[in-house]
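So you can see what is in the structure, the chains are spelled out below.
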Amino acid sequence: MSQPMTELPQRTHFLELIPAPTFSGLADSYDERQRQRGATEKLLSKARLARATFIGLLGDRPITAYRPSDLQFYIDRMQYWLKNHIKRSPELRDVALTDWPIAEIIEENHDFKG
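Residues numbered from 1 in each chain as written. Predicted model: local features only at pLDDT ≥ 70, side-chain atom pairs only at ≥ 80, totals over all residues. Heavy atoms only, no water.

Trainee: I'm lost on the overall build of the protein in this one. Help?
Mentor: What the protein contains, in helices and strands, is five helices and zero strands. Counting helices and strands in the order they occur from the N terminus, the protein gives α-α-α-α-α. In the protein, buried positions account for 23% of the 114 residues. Summarising the internal contacts of the protein: among those between residues at least 6 apart in sequence, 59% fall at separations of at least 24. A total of about 9000 Å² of accessible surface is found on the protein, and carbon and sulfur atoms cover 55% of it. (Helix = DSSP H or I, 4+ residues; strand = E, 2+ residues; numbered from the N terminus. Buried < 20%, exposed > 50% of the residue type's maximum accessible area, 1.4 Å probe, protein only. Contact = heavy atoms within 4.5 Å. Areas by Shrake-Rupley, 256 points an atom, 1.4 Å probe, with all protein chains shown as cover.)

Trainee: Would you mind showing me how to read the packing of helix α1 (residues 23-36) against helix α2 (residues 41-58) here?
Mentor: A pair of packed helices is characterised by two quantities: the angle between their axes and the separation of those axes. Axis separation between α1 and α2 bottoms out at 11 Å; the angle between their running directions is 175 degrees. Accordingly, the angle class assigned to the pair α1 and α2 is roughly antiparallel. Facing α1, whose interface residues are Phe23, Ser24, Ala27, Asp28, Asp31, Gln34 and Arg35, α2 presents Leu43, Leu44, Ala47, Arg48, Arg51, Phe54 and Ile55. Looking at the contact of α1 with α2 residue by residue, the classes come out as seven nonpolar, two polar and five charged. (Axes fitted to C-alpha atoms, helices over the stretch in contact; angles between N-to-C directions. Parallel < 35°, antiparallel > 145°, perpendicular 65-115°, else oblique. Nonpolar A, V, L, I, M, F, W, Y, C, P; charged D, E, K, R; others polar.)

Trainee: Any chance you could explain the pattern of salt bridges here in plain terms?
Mentor: Pairs may arise between side chains of opposite charge once their charged atoms sit close together. All told, the structure shown has five salt bridges when counted by the stated rule. Measuring nitrogen to oxygen at the nearest pair gives 2.4 Å for the salt bridge that ties Asp28 to Arg51. In this pair, Asp28 sits in helix α1 while Arg51 sits in helix α2, placing the two residues 23 residues apart along the sequence. The exposure class assigned to Arg51 is buried, which follows from its relative accessible area of 14%. (Salt bridge = Lys/Arg side-chain N within 4 Å of Asp/Glu carboxyl O.)

Trainee: In this structure, what is going on with α1? I would like to understand it.
Mentor: Owing to its 3.6 residues per turn, the α-helix brings residues three or four apart onto one side. Between its terminal C-alpha atoms α1 stretches 20 Å, which fits the 20 Å expected from 14 residues at 1.5 Å a residue. Every buried residue of α1 is accounted for by Ser24, Ala27, Asp31 and Gln34. Seen end-on, α1 carries its buried residues on one side only, within an arc spanning 80 degrees. Those residues of α1 that are buried are in contact with α2. Count one or two residues on from α1 and you reach Gly38, which has phi positive near 90 degrees. (Expected span 1.5 Å × (residues − 1). Arc of directions from axis to C-beta.)

Trainee: It is not clear to me how the nonpolar core should be interpreted in this structure. Could you clarify?
Mentor: When a protein is soluble and globular, its nonpolar side chains tend to lie buried together. Counting twelve residues, the largest nonpolar core is built from Phe54, Leu57, Leu58, Tyr66, Tyr74, Met78, Tyr80, Trp81, Trp100, Ile102, Ile105 and Ile106. Those residues in contact with Trp81, other than ones at most four positions away along the chain, are Leu49, Thr53, Trp100, Ile102, Ile105 and Ile106. (Core = buried A, V, L, I, M, F, W, Y, C linked by side-chain atoms within 4.5 Å.)

Trainee: Teacher, can you tell me more about the side chain of Gln34 here?
Mentor: Along the chain, the position of Gln34 falls in helix α1. Discounting residues that sit within four places of it in the chain, Gln34 has contacts with Ala39, Leu43 and Leu44.

Trainee: Sorry, what's going on with the packing of aromatic side chains here?
Mentor: By convention here, two paired aromatic rings are described through the distance between centres and the angle between planes. Counted under the stated rule, the structure contains four aromatic pairs. Measuring from ring centre to ring centre gives 6.3 Å for Phe23 and Tyr66, while their planes differ by 80 degrees; the resulting arrangement is edge-to-face. With a gap of 43 residues between them, Phe23 in helix α1 and Tyr66 in the loop between α2 and α3 (68-78) connect regions that are remote in the sequence. A residue is classified by how much of its surface remains accessible, and Phe23, at 22% relative accessible area, is partly exposed. On the basis of relative accessibility, which here comes to 12%, the residue Tyr66 falls in the buried class. A connected cluster of aromatic rings, assembled from ring pairs, spans Phe23, Phe54, Tyr66 and Tyr74. (Phe/Tyr/Trp six-rings, centres within 6.5 Å; stacked < 30°, edge-to-face > 60°.)

What follows is the structure in C-alpha cells.
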C-alpha cells in the first residue's frame, strides 16, 4: 500500500526563471519607440519626468516586484507634486532629473497643492 502524499512538489513556471526587466529598462525602450514614431520633445520630457518621479518614490525594481499598493502610493504622493516645479525651483535646472530629491520635494509640498 502506498503512503499518501503530504506535500505536492512545487512547480516553477518557466517565466519565473527569466529575470523581469526593470522599470527604467522598459521606460527606455518605450521612449525609443515613441521617438521613432515622431513623438515631440514635450511628450518625451513628460515621460522622463513621470519616470523620474516614479523611480524616485518607488525605486527602480523589476516590474514584477511592484504591487497595486505601490501604484496607489505613487498616485497618492503625486498630488503634492507642484505643477511647473522646474520653473519654481531654478536651482534644479542644471541638475539631472535622476538626481532630483523627488521624495523630499513631495514631502516639502505636502501642505501645499499648486
